[in-house]
Amino acid sequence: MATNPRDLTPHEQQDLSNLDTPDVPEYSGDTNGATDGLYARAGKAAPTEIFPRSEQNTGPLIPDAPADTETFQAPTETVAVDREPAYAVDATEPVYTEPVETVVATEDARRGTTDFGLFLLRLALGAFLIIDSIGTFFRLGGNEGISGLESAYANYPYGDALAVMVPTLELAAGVFLVLGLLTPVAALVAIAVTGFTALHAFDTQTDGFNVFAWSPETWVPIMLLAASLAVQFTGPGRYGVDASRGWAKRPLASSWICALIGLVAAGLIWWFGTEINPFA
């Protein structure tokens, strides 16, 4: 290696006699040693040159590319025919109809004073049944009580049982009617008990079917029976415990069923309790 010029003296720097033999390595044409030394000093492997198969004699073999097994299919060509397309023509003319407006019938929820009238009817019927039954049980207001009913039903085979059953049914039906609770069942019981008392009143009167000669004792049970049937078919209205029930506003099948059962019950009580046919 040449001496660093900075280490030379001014006289040596002016001396150019040694330029013919500089301390420079000569190129000998052998690059393998220099290249190997360069990669050896860097700590890396020297690159390997790969030649094509036709020119490759030594070194690793390069596998041939796999043969393409896919076949090429030429696209089909569509030939256009120089003619006009034919369209199917409908000979019938279109019929236009006007849209029909659908009318939805809405229920009128306004009931006016109907519910209040039903409440008064239910209250009057229930109150009469309660007052009459309590007066019978406790002998209030000059009522002869259970013994008085036993005397009235003395001609019946089961008069004693009827004397207790009639005021009991009146009290139960009256309480439920006043509250408006289970009104179809309460009206059913009212129909049964008032139907029996109406038959008893008709049997004890002597005027037969002459309605103009009937006394109030005959008319009152009949009117109570009519009121019980009216409550059964009209429902209790909205002023009662059953206000949210369907039968409170629009009773239908239940009214007919309960009314029929009540009338049949009144007839059975009369038939088996008295063993008398009032229409004979």
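Just so it is clear, the structure is predicted and the values come from calculations on it, not from any experiment.

Peer 1: Any chance you could break down the pattern of salt bridges for me, citing the residues and the numbers?
Peer 2: Across all of its chains, the model carries one salt bridge by this definition. Between Arg 238 and Asp 115 there is a salt bridge whose closest N-O contact spans 3.9 Å. With Arg 238 in the loop between α7 (216–234) and α8 (253–274) and Asp 115 in helix α3 (residues 114–138), the pair connects residues that are 123 residues apart, well separated along the chain.

Peer 1: Could you give an account of helix α4 (residues 145–152), with specific residues and numbers?
Peer 2: Gly 145, Gly 148 and Leu 149 are the residues of α4 that are buried. The buried side chains of α4 occupy one side of the element, clustering within an arc of 100° when seen end-on. In this structure, the buried side of α4 is in contact with α3 and α5 (159–179).

Peer 1: Before we move on, can you summarise the packing of α3 against α5 with the specific residues and values?
Peer 2: The N-to-C vectors of α3 and α5 enclose an angle of 145°; their axes lie 7 Å apart at closest approach. Crossing of α3 over α5 shows left-handed handedness. The residues of α5 that touch α3, namely those facing Arg 122, Leu 123, Leu 125, Gly 126, Ala 127, Leu 129, Ile 130, Asp 132, Ser 133, Ile 134, Thr 136 and Phe 137, are Pro 167, Thr 168, Glu 170, Leu 171, Ala 173, Gly 174, Val 175, Leu 177, Val 178 and Leu 179. Classifying every residue of the contact of α3 with α5 gives 14 nonpolar, five polar and three charged.

Peer 1: Requested: an account of the packing of aromatic side chains, with residues and values cited.
Peer 2: Under the definition given, this model contains nine aromatic pairs. Their ring planes at 55° and their centres at 5.8 Å tell us that Phe 196 and Trp 270 sit as a pair that is tilted. Separated by 74 residues along the polypeptide, Phe 196 in helix α6 (residues 183–204) and Trp 270 in helix α8 bring together distant segments of the chain. Taking the relative accessible area as the measure of exposure, Phe 196 reaches 1% and is therefore buried.

Peer 1: Account for unusual backbone geometry, with residues named and values stated.
Peer 2: Positive phi, normally seen in glycine, also occurs at Arg 139, with a value near 55°. Among the structural elements, Arg 139 can be located in the loop between α3 and α4. For Arg 139, a relative accessible area of 52% corresponds to the exposed category. Located in the positive-phi region is Leu 182, a residue other than glycine, with phi close to 50°. Mapping Leu 182 onto the fold places it in the loop between α5 and α6.

Peer 1: Explain the UniProt feature "transmembrane region" (unreviewed entry) in the chain to me, and be specific about the residues and the numbers.
Peer 2: In the numbering used here, UniProt assigns the "transmembrane region" (unreviewed entry) feature to residues 119–138, 158–178, 185–202, 222–241 and 253–273. Spanning residues 222–241, this segment combines 65% helix with 0% strand, and its end C-alpha atoms are found 28 Å apart.

Peer 1: Please give an account of the environment of Asp 160 that cites residues and values.
Peer 2: Mapped onto the elements, Asp 160 comes out in helix α5. On the basis of relative accessible area, Asp 160 is assigned to the exposed category, the value being 53%. Along the sequence, Asp 160 and Ile 146 sit 14 residues apart, while their C-alpha atoms lie 8.6 Å from each other.

Peer 1: Break down a nonpolar patch on the surface for me, with residues and values.
Peer 2: Among the surface-exposed residues, Val 175, Phe 176, Leu 179, Leu 182, Val 185 and Val 241 lie close enough to one another that they form a single nonpolar patch of about 480 Å² accessible area. Residue contributions to the nonpolar patch peak at three residues, all from α5. Mapped onto the fold, Val 185 is located in helix α6. When its relative accessible area of 48% is taken as the criterion, Val 185 is described as partly exposed.

Peer 1: Just give me the short version of the environment of Ala 259, but keep the residues and values in it.
Peer 2: The topology assignment puts Ala 259 in helix α8. Between the alpha carbons of Ala 259 and Val 185 there is a distance of 9.4 Å; along the sequence they are 74 residues apart. If we skip the residues at most four places from it in the chain, Ala 259 touches Ile 191, Leu 229, Gln 232 and Phe 233.

Peer 1: Before we move on, can you summarise the confidence of the model for the chain with the specific residues and values?
Peer 2: On average, residues of the chain carry a pLDDT of 77, and 60% of them reach 70 or more. Across the chain, element-level confidence peaks in α5 with a mean pLDDT of 93 and bottoms out in helix α2 (residues 31–42) with 61.

Peer 1: Give me the packing of α4 against α5: which residues, what numbers.
Peer 2: At a minimum axis distance of 8 Å, the contact between α4 and α5 shows a crossing angle of 125°. With respect to each other, α4 and α5 are oriented oblique. Note that α4 runs across α5; the crossing there is right-handed. In this structure, α4 contributes Ile 146, Leu 149 and Glu 150 to the contact, and α5 contributes Asp 160, Ala 163, Val 164 and Pro 167. Split by residue class, the contact of α4 with α5 holds five nonpolar, no polar and two charged.

Peer 1: How would you summarise the nonpolar core if you had to cite specific residues and measurements?
Peer 2: Formed by Leu 149, Tyr 153, Tyr 156, Leu 162, Ala 163, Val 166, Val 193, Phe 196, Leu 199, Ile 269 and Trp 270, the largest nonpolar core amounts to 11 residues. Those elements that place two or more of their residues in this core are α5, α6 and α8. Discounting chain neighbours no more than four positions away, the residues touching Ile 269 are Leu 162, Met 165, Phe 196 and Thr 274. Counting nine residues, the second largest nonpolar core, distinct from the first, contains Leu 125, Ala 173, Leu 177 and Leu 224.

Definitions and limits used
- Think of each chain on its own: its residues are numbered from 1, step by step along the sequence as written.
- A pLDDT threshold of at least 70 governs which residues receive local features in this predicted model, and a stricter bar of 80 or more applies before side-chain atom pairs are shown or counted, although totals over entire chains, interfaces and linings include all residues.
- The side-chain numbers reported here are obtained from all heavy atoms of the structure, hydrogens and water having been left aside.
- Salt bridge criterion: a side-chain nitrogen from Lys or Arg within 4 Å of a carboxyl oxygen from Asp or Glu.
- In DSSP terms, a helix is any run of H or I states spanning at least four residues, a strand is any run of E spanning at least two, and both are numbered starting from the N terminus.
- The buried label applies to any residue whose accessible area, calculated with a 1.4 Å probe on protein chains only, is under 20% of its type's maximum; exposed applies above 50%, and partly exposed to all values in between.
- Comment: arc refers to directions from the helix axis out to C-beta atoms.
- Any two residues whose heavy atoms approach within 4.5 Å are treated as being in contact.
- Working convention: axes come from line fits to C-alpha atoms, limited for helices to the stretch in contact. Angles between N-to-C directions cover 0 to 180 degrees.
- Each helix crossing is assigned a hand: it is left-handed if the near helix lies turned anticlockwise from the far helix by less than a right angle, otherwise right-handed if that turn is clockwise.
- In the scheme used here, Gly and all other residues not listed as nonpolar or charged are polar, with Ala, Val, Leu, Ile, Met, Phe, Trp, Tyr, Cys and Pro taken as nonpolar and Asp, Glu, Lys and Arg as charged.
- Pairing of aromatic side chains requires ring centres within 6.5 Å, counting the rings of Phe and Tyr and the six-membered ring of Trp. Pairs whose planes differ by under 30 degrees are stacked, by over 60 edge-to-face, and all others tilted.
- UniProt positions are given in the numbering used here, feature names are shortened, and annotations may be inferred rather than shown by experiment.
- Exposure above 30% relative accessible area and the lack of any salt bridge qualify a residue for a patch; like charges then connect within 9 Å, and the nonpolar side chains Val, Leu, Ile, Met, Phe, Trp and Tyr within 5 Å.
- In these tables, accessible area is a Shrake-Rupley quantity obtained with a 1.4 Å probe, and a residue counts as shielded only by the protein chains included in the view.
- A residue's pLDDT is simply how confident the predictor is in it, with values from 0 to 100.
- With respect to orientation, any angle under 35 degrees is reported as roughly parallel, any angle over 145 as roughly antiparallel, any angle of 65 to 115 as roughly perpendicular, and every other angle as oblique.
- Joining through side-chain atoms within 4.5 Å is the link that ties buried Ala, Val, Leu, Ile, Met, Phe, Trp, Tyr and Cys residues into a set, and such a set is a nonpolar core.

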